[in-house]
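Each chain, letter by letter, is given below.
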Amino acid sequence: MYKVLIIDDEMIVRHAVKTLIQWEGSKFVYSGSASNGTSALKMMQEQPADIVITDIKMPEMDGIELIKQLTASGFDGEILVLSNFNDFELVREALKCGAHDYMLKLTLKSDNFMQILNEIALKLDAKKKQPELLAESAQSEKTDHIHDILTSLISSGEGSSELRPDAAQELFPPDHLVHIFGVQVDTVGEKRDTLSLKHSLSQLWSDVYPGSAWQCTVAEEDQRFMFAAAYPEALEMTEPAEMAGRISSLAAMYYSLKADIIYGNAASSGKELVEEIRLIREAQTLLFYKSAGPICLSCHAEAADEDPSYQQLEADWMEEIRKGQPEFIVRWENRALQIIQEGAKRQLYPRIVKRVVCEGMWTLSRKLGLEQQRSFDHSLWLERITGAGTDTEMMMIVEELSHDVLEHAGSGAGVRATRPEVRKALVFLEENYPRAVTIHDVALHVNLSETYLCQIFKTDTGKSMMTFLNELRMAKAYEMLSSGQLLVKEVAAEVGIHDPFYFNRLFKKHYGVPPKQVKSQETPALKQK
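Now for a quick tour of the structure.

A few words on the sheet that holds strand β9 (residues 258–263). Spatial ordering of the open sheet is given by β7-β8-β6-β9-β10, a layout of five strands whose pairing is mixed. Each having just a single partner strand, β7 (214–219) and β10 (296–298) make up the two edges of the open sheet. Strand-to-strand twist across the sheet, computed as the mean angle between neighbouring axes with direction ignored, equals 20°. Looking at chain direction, strand β6 (residues 176–186) and β9 are connected through six bridges and run antiparallel. Residue pairing across strands places V183 opposite I261, the latter belonging to β9.

Structure below.
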């Protein structure tokens, strides 16, 4: 087996070269990567490689100088040079200095690349028949031991307040910090086992943290992982938030993984590392909220237990259901989705959002008498809501639940709208009745022709669209007049009718009495037609 070191000042090139090499079932083992010749020489001193793949033009120390110093130090391996089209003079010099061959970056292909590497392997075989890779074996044993320590530490949760001194000494080499991330991946529809995912992530870390003393990926449950690396304290390090974003982007680009990242601060002691792991585990609760896309979140972000304004939002929703205002069943879905979205904005514990949605279902069920219908399975919906793994999944469940409620409510509940376009139109009217709404506005909103929308609206609800809108406005007007706080003309304007005379005629036709009698409370309880 031959260890391969990749050197290029661009991280994306280093990663691209690594993906071209067929590691599994080949003679090659990935040794690491570096961004310049200076870093590469240090890595070669600590962990010598057999094959060096290097760029020519790099800061601090370029490829030519690197080849010269490797040759002078007695390097017995082989060097492959990467170049651009205009680097031929430098390539010629690199070959004179001892490089085996060169390849153009823009023409790199896996087959050609592997052919060159296999030629190099044959050349190395001739030099040393069956090399003893004792150093590699020792490094492998060290990595396994570190993995065991971290696995034990992570699985113990809050049960351990600090590491044993010998374990801490092994995790923290002199002048090194330990960086740690919590990662949850989504394979975007493709089924991949934990071992495969762990291998892909491990390949990714080696690019993100070149020059680390050790790297380790620990698999947890539900496609969750924790990654840690010991990195020299003296080296300049990217901010954790930026690093998390970089990891997420590379995971999507190279491995088709949707990665949500919880990042922590660099730990300088075993006690700090234990605390960072605890914070990451707590913050992972917020990975429930995925509707906004990939998440990169600090481990110091805390989920909230209480939020007075959210509690008021819940109370208003329950009261709206209990009152049974016009088309409240159709509006229920819109309000439930709002509850979920607000939970994400306020970073509430998902269990709180789930409880509110479940309570909304029970309140609606009692209002409609669905508990008497055996065909409506409360326990199934409760189980699905509480078992939702993400807010996106819960939104889909709410949409299905709303449809099921509408089917069971039937005409007895005053709503028969089953077509999604009609339901969307009802919500639009409910939210826009105070302004001058036209059929054209509604048709444009639901993306249907006016004629067809009017036809299916009447079929689903039993009413024309304008009849429904006027009844909705009258119900809202009656509620405002009953409060005794507004004049009749003010109420008329509030519900979108700016002609007081037309409002009076419409109200009297609907309720049988003029609006001023409701305002003065001279009329006994009125019954809506």
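To continue, consider unusual backbone geometry. The phi angle at E60 is positive, at roughly 70°, despite the residue not being glycine. With respect to the element layout, E60 can be found in the loop between β3 (51–55) and α3 (63–72). By relative accessible area, E60 is classed as exposed at 69%. Even without being glycine, D175 reaches a positive phi, approximately 60°. With respect to the helices and strands, D175 occurs in the loop between α7 (165–171) and β6.

Per the counting criterion, the structure on display carries 12 aromatic pairs. Between Y209 and F227 the ring centres are 5.7 Å apart and the planes differ by 45°, which places this aromatic pair in the tilted class. Here Y209, found in the loop between α8 (194–208) and β7, pairs with F227, found in strand β8 (residues 224–232); they are 18 residues apart in sequence, far enough to count as distant. When its relative accessible area of 1% is taken as the criterion, Y209 is described as buried. Look at F227 and you get buried, because its relative accessible area is 0%. Aromatic pair Y478 and Y511: ring centres 5.0 Å apart, planes at 35°, arrangement tilted. With Y478 in helix α19 (residues 465–483) and Y511 in helix α21 (residues 500–511), the pair connects residues that are 33 residues apart, well separated along the chain.

Before going further, it helps to spend a moment on the pattern of salt bridges. In total, this model carries 24 salt bridges according to the counting rule given. With its nearest N and O atoms 3.2 Å apart, the salt bridge here joins R346 to D307. Of this pair, R346 sits in helix α12 (residues 328–346) while D307 sits in the loop between β10 and α11 (308–323), placing them 39 residues apart in sequence. Judged by relative accessible area, which is 17%, D307 ranks as buried. One salt-bridge network, held together by shared partners, links D307, E342, K345 and R346.

Here β9 lies mainly inside the structure; five of its six residues are buried. Bridging between β9 and β10 involves three bridges; their strand directions are parallel. Across the sheet, the residue bridging to Y263 is S298, located in β10.

Let us look at the packing of helix α2 (residues 37–46) against α3. Running from amino to carboxyl end, α2 crosses α3 at an angle of 25°, the nearest separation of the two axes being 9 Å. Considering the angle they form, α2 stands roughly parallel to α3. Seen along the crossing, α2 lies across α3 with a hand that is right-handed. Residues G37, A40, L41 and M44 of α2 pack against L66, Q69 and L70 of α3. Tallied by class, the residues present in the contact of α2 with α3 amount to five nonpolar, two polar and no charged.

Let's shift gears to the nonpolar core. Residues L150, L171, W214, L273, W332 and F503 are the most contacted members of the largest nonpolar core, which totals 102 residues. Among the elements that take part in this core, α19 stands out by supplying nine residues, more than any other. The residues contacting L171, other than those within four sequence positions of it, are I146, I149, L150, L163, V178, W214, A230 and L273. In this structure, L197, A229, M243 and A251 belong to the second largest nonpolar core, which totals 24 residues.

On the surface, a nonpolar cluster with roughly 500 Å² of combined accessible area is contributed by F85, F88, L95, Y102 and L106. Tracing the backbone shows F85 in the loop between β4 (78–83) and α4 (88–97). Of the residues examined, F85 reaches a relative accessible area of 47% and is grouped as partly exposed.

So, on to helix α1 (residues 11–20). Within α1, seven of the 10 residues are buried, which leaves it mostly tucked inside the rest of the structure. When α1 is considered as a whole, its buried residues turn out to be M11, V13, R14, H15, V17, K18 and L20.

Time to look at the sheet that holds strand β5 (residues 101–104). If you walk across this open sheet you meet the five strands as β2-β1-β3-β4-β5, and the pairing is parallel. Each edge of the sheet is formed by a strand with only one pairing partner; in this case those strands are β2 (28–34) and β5. Adjacent strand axes in the sheet meet at a mean angle of 20° when their direction is disregarded. With six bridges joining them, strand β1 (residues 2–7) and β2 adopt parallel strand pairing. By the bridge assignment, L5 is partnered in β2 with G32. Of the strands in this sheet, β1, β3 and β4 touch α3, which is tilted by about 155° from β3. Packed onto the sheet, α4 meets β4 and β5 and runs at close to 155° relative to β5.

Criteria and thresholds
Residues numbered from 1 in each chain as written. Predicted model: local features only at pLDDT ≥ 70, side-chain atom pairs only at ≥ 80, totals over all residues. Heavy atoms only, no water. Pairing = 2+ DSSP bridges. Helix = DSSP H or I, 4+ residues; strand = E, 2+ residues; numbered from the N terminus. Axes fitted to C-alpha atoms, helices over the stretch in contact; angles between N-to-C directions. Buried < 20%, exposed > 50% of the residue type's maximum accessible area, 1.4 Å probe, protein only. Phe/Tyr/Trp six-rings, centres within 6.5 Å; stacked < 30°, edge-to-face > 60°. Salt bridge = Lys/Arg side-chain N within 4 Å of Asp/Glu carboxyl O. Parallel < 35°, antiparallel > 145°, perpendicular 65-115°, else oblique. Left-handed = near helix turned anticlockwise from the far one by under 90°. Contact = heavy atoms within 4.5 Å. Nonpolar A, V, L, I, M, F, W, Y, C, P; charged D, E, K, R; others polar. Core = buried A, V, L, I, M, F, W, Y, C linked by side-chain atoms within 4.5 Å. Patch = residues over 30% accessible without salt bridge, like charges linked within 9 Å, V, L, I, M, F, W, Y side chains within 5 Å. Areas by Shrake-Rupley, 256 points an atom, 1.4 Å probe, with all protein chains shown as cover.

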